Amino acid sequence: MLKKTLLVSGIALAISAPAMAEQRTSAVRDNGFSYNYGQLAYDQWEFDDEWDVDVLTAEGAFELDEHLFLRGGLSFYDGDFGPGDLDGKQIYAGVGFHTPLQDKLDFVGSADIIYDDQEYDYRVCSFGVCAEDSASDDEIGFELRGGVRAAVADKVELEGGLSYYDLYDDDITLYAQGLFKATAAVDVGARLLFGGDRESIGVFGRYNF
């Protein structure tokens, strides 16, 4: 029941935020946040106390106009799944929306389609005889996000919000990200998913075009 309530609240926020932004910030046209970038990331994913994998991801975004941008990424992961080993790849692609809420604060939402392909390697023992076996699985799902992005200092940005994820199983989590501007074009940052069955922590380097 709590997850459904959070999901309804998140959808309501995503729908109402652009209208609120127009009412409150007619003088703010653009906060100058970059939505044109490529980045490399390393994350550790855990899911429902079963998955525990290391992940390398190449991802990016491309701005279409003052509000819309495309986004996508490719991940490769490897680690443990119960008593066996798990490895696979994940591809996502989607669209995002951003608009100023006030000076140095944007509402940001996104919707992604996700394809996941994985393989399990495990050991089967019967009557004292053991053998290696494997299985594979793949799934198409989606993720919806809605939150805010803020410039809290000259070189520091923070972002956070709510994520609804439906791949193999559905889950609602909170996400957070911190970003430091190392140069005019290069950012470094850390990110986090928490509060649900899916948890993740990672770091990334970003190049802004």
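Below is a short write-up of the structure. (Residues numbered from 1 in each chain as written. Predicted model: local features only at pLDDT ≥ 70, side-chain atom pairs only at ≥ 80, totals over all residues. Heavy atoms only, no water.)

1. Some points on the sheet that holds strand 9 (residues 186-194)
With antiparallel pairing, the 10 strands of this closed barrel are ordered in space as 1-2-3-4-5-6-7-8-9-10. Averaged over neighbouring strand pairs, the angle between their axes works out to 20° when direction is ignored. For strand 4 (residues 84-102) and strand 5 (residues 105-126), the ladder comprises 17 bridges, and the chain directions are antiparallel. Across the sheet, the residue bridging to Ala-93 is Ile-113, located in strand 5. (Pairing = 2+ DSSP bridges. Helix = DSSP H or I, 4+ residues; strand = E, 2+ residues; numbered from the N terminus. Axes fitted to C-alpha atoms, helices over the stretch in contact; angles between N-to-C directions.)

2. Section: the side chain of Asn-36
The residue Asn-36 is located in the loop between helix 1 (2-24) and strand 1 (37-47) in this model. Owing to a relative accessible area of 18%, Asn-36 belongs among the buried residues under this scheme. A distance of 2.7 Å separates the side chain of Asn-36 from the backbone nitrogen of Glu-63, its partner in a polar contact. When neighbours within four sequence positions are excluded, Asn-36 is seen to be in contact with Ala-61, Phe-62, Glu-63, Tyr-207, Asn-208 and Phe-209. (Buried < 20%, exposed > 50% of the residue type's maximum accessible area, 1.4 Å probe, protein only. Polar contact = N/O pair within 3.5 Å; in protein donor to acceptor, adjacent residues only side chain to side chain. Contact = heavy atoms within 4.5 Å.)

3. Considerations on a nonpolar patch on the surface
On the surface, a cluster of nonpolar side chains totalling about 430 Å² of accessible area is made up of Phe-62, Leu-64, Leu-68, Leu-70 and Val-95. Inspection of the secondary structure puts Phe-62 in strand 2 (residues 51-63). Here Phe-62 falls in the exposed class, since its relative accessible area comes to 52%. (Patch = residues over 30% accessible without salt bridge, like charges linked within 9 Å, V, L, I, M, F, W, Y side chains within 5 Å. Areas by Shrake-Rupley, 256 points an atom, 1.4 Å probe, with all protein chains shown as cover. Salt bridge = Lys/Arg side-chain N within 4 Å of Asp/Glu carboxyl O.)

4. So, the nonpolar core
Counting eight residues, the largest nonpolar core consists of Trp-45, Phe-47, Trp-51, Val-53, Val-55, Tyr-77, Leu-86 and Tyr-120. Those elements that place two or more of their residues in this core are strand 1 and strand 2. If one sorts the elements of this core by residue count, strand 2 sits on top with three residues. For Trp-51, the contacting residues outside a window of four places in its chain are Trp-45, Glu-46, Tyr-77, Asp-80, Phe-81, Leu-86, Asp-116, Gln-118 and Tyr-168. Tyr-35, Tyr-37, Ala-61 and Phe-69 belong to the second largest nonpolar core, which has six residues in total. (Core = buried A, V, L, I, M, F, W, Y, C linked by side-chain atoms within 4.5 Å.)

5. Focus on empty space enclosed by the protein
Over the atoms, a rolled probe matching the size of one water molecule traces out where space is still vacant. All told, the structure shown has one cavity of 30 Å³ or more when counted by the stated rule. Its boundaries defined by the atoms lining it, the largest cavity holds a volume of some 50 Å³. In this structure, the largest cavity is lined by Arg-149, Glu-157, Leu-158, Glu-159, Gln-177, Gly-178, Leu-179 and Arg-206. Those elements giving two or more residues to the lining of the largest cavity turn out to be strand 7 (156-167) and strand 8 (169-181). Grouping the constituent residues of the lining of the largest cavity by class yields two nonpolar, two polar and four charged. (1 Å grid on protein atoms, 1.4 Å probe; cavity = no way out; pocket = protein on both sides within 12 Å on 5 of 7 lines; lining within 4 Å. Points joined across faces, edges and corners; volume = space filled by probe spheres on them. Nonpolar A, V, L, I, M, F, W, Y, C, P; charged D, E, K, R; others polar.)

6. A look at the pairing of strand 1
Only one face of strand 1 is buried: it carries Tyr-37, Gln-39, Ala-41, Asp-43, Trp-45 and Phe-47, and the other face, with Gly-38, Leu-40, Tyr-42, Gln-44 and Glu-46, is open. Pairing of strand 1 with strand 2 involves 11 bridges; the strand directions are antiparallel. Across the sheet, residue Tyr-37 finds its bridge partner in strand 2, namely Ala-61. What sits between strand 1 and strand 2 in their antiparallel hairpin is a turn of three residues, with Asp-48 showing a positive phi close to 55°. Sheet topology note: the strand 1/strand 10 (residues 198-208) ladder contains 11 bridges and is antiparallel. The residue of strand 10 that forms the bridge with Leu-40 is Gly-205.

7. Some words on the pairing of strand 2
As defined by bridge partners, strand 2 adjoins strand 3 (residues 68-81) across 13 bridges and the pair is classed as antiparallel. By the bridge assignment for strand 3, Ala-58 is matched with Leu-74. Counting the residues between successive antiparallel strands, the hairpin from strand 2 to strand 3 contains four residues.

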